[in-house]
Structures are given as C-alpha cells and as structure tokens.
Amino acid sequence: MSNNQVLKGVFLVAFGATSYGMLATFVKMAYDEGYTTAEVTTSQFVLGIIGILLINLFQKTKNKNTAVKASKRNIFHLMLAGTSLGMTSLFYYLAVKYIPVSIGIVLLMQTVWMGVLLEMILEKKLPSTQKIVSVAIVLFGTVLATNLINNEVQLDWRGLMWGFLAAASFTTTMFTANRVATNISSAQRSLYMLLGGAIIVFTFSIITQVTPFNFEIFLKWGIVLSLFGTIIPPMLMTAGFPLTGIGLGSIVSAIELPVSVTMAYFLLNETVTVTQWFGISLILLAIILMNINSNGKIA
C-alpha cells in the first residue's frame, strides 16, 4: 500500500477519533442546560439513524444496487452487536453526569486492558509479556490520570461505576464490530448496529423519563451529538482502518483521549493537573507499546 494511502487512512482515523473525543463535552453542556440522559441519547440515535439511512440511500443509488446486501442473519447479528453500542453511550453519558469529562474518558480507555483480558478468555492463552507490561502501564497511568493519589475531592462512586461499565460495553462493541458481517458496506453495518443500540436507548428513555420529553434537544444538541457520535466517527474510522492497519489505526485513534481532556479543560473549565497529564501520557504510551512488534515496527 502506498504512503499516500496510509497517510489518507491516518487522517480519516484521526478525524473520526477527534470527533468522538469532543462528544462528552457536548453532552455535559447539554446537561448544564437541563436536558436529561434520555433526551440526549434519544436525540443522538434518532438523528444518527436518519443520517446513516440517507448515506445508505445515496450509496445504493451511486452503486446502482450492485453492493452486497445484508442478509436476515447479518441484520440480526449486527443489531445484537449494536446493543453494546447503545449501552456504551448510555453508560458513558451517565458517567459524565457524576464525574468530570477528563476522568470519564480515562475510564473509557480501560478498554485497553479489558480487551487483553477478553482476548485471553476467548483464545484461552496467556497474553504476551509486552501486553502485560502495557496493561500495567495503563493501570498506573489511570491512577495518576484520575488523580486518585492526591485527590482532595472524592469522586462520585456512581460515575466510576458507569465509567467502568462503559469501558466494558465498549470493549464488547470493538470485538463484535470487527467480526460481524464484514462482507457488507460500513454504512449498512453502522445502520443496523445503530438500530440495535436504539432498542437499548429507547427502552432506557421510556423507563427513566418521568418529565415531559423536551423535543428542543433535537435542534439544540441532537444534530451535533449525532454528527460527532454516530455518523462521523464510525464512517471515517471504518474507512481509515483498512488503510492504516489495526496497529497504526489503534495508535492514531488514541488521540481521542487528549482531545476529550483538552475540550473539557477549555469549554467546561475542568481542572487538569500536571500529574493527570502525565497519567494520560502513560496511557497513550501503553497503547503505542501494545501495537509495536518485537522488531520495533507497528504491528
């Protein structure tokens, strides 16, 4: 593959990850205006599904119906996999309701060691020394990044719980998204996974929304949330990863972490100490280490 193609992939993955990194800050700003988690997630998924549906229709017209169509089996498996996508959004948004965004994104990054653990269980073999060292660095970096050592303010346990649950469901999403119905277009896969996630989100909304639903959220924040959460990231990253490869793509997508923390620092005025930045740097280092082979090249 030419360097130009790889560079194109890097830009696609980086822009997709950057978009997703902005998401939690927008959610927090919506909360500050009085919107509920149910309103935030519902508006994001409804408009996201409409956006992806339009992209599918455009591709269908452009390709003159020559693209591979999803079978009923594909649709079922993708919607089932999409339920973890819906849970990730819910858990993550519930987390940042109780804890700072800069802490929430660090908890979401626990997918690094959770992915290693899941891989070990599924493949029934111990991880390499390189991965074990990477996990140790992530855990130490997390302690620093969440400021657990010298934090004078106790973090809300509800935020920590939802943050870890978001990481667990995101780990499931990553494993299933790269293994289910890979023979069909990314737009089709995104659509059916969103439909599966919408089942979770709508059920949550029906159960928890006790006040009248504020439909102003659709115009005020829904468009932004759907663009940066359910349309831009999956489309760009599924297009970019085949060009970069999993190793380089994973490293580039880690830009989501500093972007999210920086957005929270400037737009939400969250305090981020030097110790926390050092912890974030360690997590990024661990991601790089995990994706470099024994020859010092990106896997």
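Procedures and definitions
Residues numbered from 1 in each chain as written. Predicted model: local features only at pLDDT ≥ 70, side-chain atom pairs only at ≥ 80, totals over all residues. Heavy atoms only, no water. 1 Å grid on protein atoms, 1.4 Å probe; cavity = no way out; pocket = protein on both sides within 12 Å on 5 of 7 lines; lining within 4 Å. Points joined across faces, edges and corners; volume = space filled by probe spheres on them. Helix = DSSP H or I, 4+ residues; strand = E, 2+ residues; numbered from the N terminus. Nonpolar A, V, L, I, M, F, W, Y, C, P; charged D, E, K, R; others polar. Axes fitted to C-alpha atoms, helices over the stretch in contact; angles between N-to-C directions. Left-handed = near helix turned anticlockwise from the far one by under 90°. Contact = heavy atoms within 4.5 Å. Parallel < 35°, antiparallel > 145°, perpendicular 65-115°, else oblique.

Draft legend 1. The arrangement of the layout of surface pockets in detail. Of the voids in this model, the second largest pocket is the one considered here, and its volume is about 310 Å³. Looking at the second largest pocket, it is lined by 15 residues, and the ones nearest its centre are Asn56, Lys60, Lys69, Gln188 and Tyr192. Looking at the lining of the second largest pocket, the elements that each hand over two or more residues are helix H2 (37–62) and helix H8 (186–208). Per-element accounting of the lining of the second largest pocket gives the leading share, 5 residues, to H2. Looking at the lining of the second largest pocket, its residues break down into 7 nonpolar, 6 polar and 2 charged.

Draft legend 2. Fine view of the packing of H2 against helix H3 (residues 72–98). For the pair H2 and H3, interaxial distance at closest approach is 10 Å and the crossing angle is 140°. Considering the relative orientation of H2 and H3, their crossing is right-handed. Seen from H2, the contacting residues are Thr37, Val40, Thr41, Gln44 and Phe45; seen from H3, they are Leu85, Gly86, Ser89, Leu90, Tyr93, Leu94 and Lys97. Partitioned by chemical class, the residues of the contact of H2 with H3 number 6 nonpolar, 5 polar and 1 charged.

Draft legend 3. Quick peek at the packing of helix H4 (residues 101–108) against helix H11 (residues 256–267). One way to put it is that H4 packs onto H11 with a least axis distance of 8 Å and a crossing angle of 165°. It follows from the interaxial angle that H4 and H11 lie roughly antiparallel. Note on packing geometry: the crossing formed by H4 with H11 is right-handed. Facing Val101, Ser102, Ile105, Val106 and Leu108 of H4, the residues of H11 in contact are Glu256, Leu257, Ser260, Val261 and Ala264. Tallied by class, residues from the contact of H4 with H11 come to 7 nonpolar, 2 polar and 1 charged.

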